[in-house]
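Here is how the chains run, residue by residue.
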Amino acid sequence: MNRLRLFAAVLTAGLVLAACGQGPGSGEPAAYPSEPIRMLVPYTAGGPTDIAARSLAKYMESTLGQTVLVENEPGASGSTAYQQLLSADPDGHTLSMTALPTAVLNYLVNDVGYTREDFAPIGVITQVPSALVVPASSSYADLGALFADARADPAKATVGTPGATNTHAAETRRIAQLYDVPLTVLPFNGNQEVLTALLGGNTTAGFVNVSQDMLPSIESGALRVLAVGTEERLPYLDAPTFVGQGYPEITKSTTTFGVIAPGGTPQPVIARLEETMRAASADAGVRQGLDERYVPGQFMGSAELAALFAETEQTFREVAGG
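Every value quoted in this text rests on a predicted model; they were computed, and no experiment measured them.

Draft legend 1. Region of interest: the packing of aromatic side chains. Summed over the entire model, instances satisfying the criterion amount to 8 aromatic pairs. Ring centres of Phe119 and Phe309 lie 6.2 Å apart, and the angle between their planes is 40 degrees; on these two criteria the pair is classed as tilted. Note that Phe119 is positioned in strand E4 (residues 119-128) and Phe309 in helix H11 (residues 302-321), a separation of 190 residues in sequence. Judged by its relative accessible area of 2%, Phe309 is buried. Here the aromatic residues Tyr82, Tyr114, Phe119 and Phe309 are joined through ring pairs into a cluster of three or more.

Put into structure tokens, the structure is as follows:
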């Protein structure tokens, strides 16, 4: 009888521990998070990825009860941060912002030691469209004039992009492949470097994010938008699309900013982070910090971000190989 009582006591304790997330095979610590969370940002401070990370981190701290440390780790088109992420324990205490399609193009083009299968997607926080722009002093009033000059003299049209292996560079190359418009990509480190090059006359045009750091230059008239890379016109920008000007394939330049964890992170942890992001995307303060214009109308969680990874890979595999 004593043995039965002992067995019952052990069984009961085991069930209690399992219910608390501490039992064998539960896959989740007793309390997640149990320590500060690192949020890696693959780019320098002040850009759209950093803005999204800091807005989200503030909400996560108030909801999860732990400090969220935003760490900018620029380099190698994001792979510096992603390699740090993948070297961390897959316990949900090290996360990274990611920017698609740049993250996908980086591993398609370079031998970085990882692919999308090494990441555990959590969710999308913002989506930022892109545009082809020229400085106000430019003689190009529209896309047709720029492309005509490029065809006449291939050395004449350079396009500054905020990186070498990102959606802007890839879309510029797709324009050359699909429409025989020989544009030369000039990669820079971020939107601000492209802006400086444009205003200094060091590049003909720029293919950039229409993000919070670039909109003031567009709205002030310092930059002129020749085309927006979305299927429909943007409600907050008086500018034509590539589609409306006869280039229907050039719709893949929108940058999706999401959060990823190392592969192997326990599903209960992913689920809690996903629900935190879902709540953040509906929070008025967070939406204001992110800018309402860039928050998707419907939250995109782990499954949707995983599907975007796969779709992006399929879209750009050919141009990456070229």
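After that view, the rundown keeps rolling.
Draft legend 2. Expanded view of the pairing of strand E3 (residues 94-100). In terms of burial, E3 is largely enclosed, as 7 of its 7 residues are buried. Alternating residues of E3 divide into Thr94, Ser96, Thr98 and Leu100 and Leu95, Met97 and Ala99, and every residue in both groups is buried. Across 3 bridges, strand E1 (residues 37-41) lies against E3 in parallel orientation. Bridging across to E3, Arg38 finds its partner in Thr94. Note that E3 and strand E10 (residues 255-262) share 5 bridges and pair antiparallel. In the sheet register, Ala99 faces E10, and the bridge partner there is Phe257.

Draft legend 3. Structural detail: the pairing of strand E6 (residues 158-161). The alternating pattern of E6 places Thr158 and Gly160 on one face and Val159 and Thr161 on the opposite face, and all of these are buried. Direction of pairing for E6 relative to strand E7 (residues 184-187): parallel, over a ladder of 4 bridges. The residue of E7 that forms the bridge with Val159 is Val185. Running through helix H6 (residues 167-179), the crossover from E6 to the neighbouring parallel element E7 is right-handed. As judged from the 2 bridges shared by E6 and strand E8 (residues 205-209), these two strands associate in the parallel manner. The partner of Val159 across the bridge, within E8, is Ala205.

Cut-off values and rules
Residues numbered from 1 in each chain as written. Predicted model: local features only at pLDDT ≥ 70, side-chain atom pairs only at ≥ 80, totals over all residues. Heavy atoms only, no water. Phe/Tyr/Trp six-rings, centres within 6.5 Å; stacked < 30°, edge-to-face > 60°. Helix = DSSP H or I, 4+ residues; strand = E, 2+ residues; numbered from the N terminus. Buried < 20%, exposed > 50% of the residue type's maximum accessible area, 1.4 Å probe, protein only. Pairing = 2+ DSSP bridges. Right-handed = clockwise from strand over helix to strand, strands pointing away.

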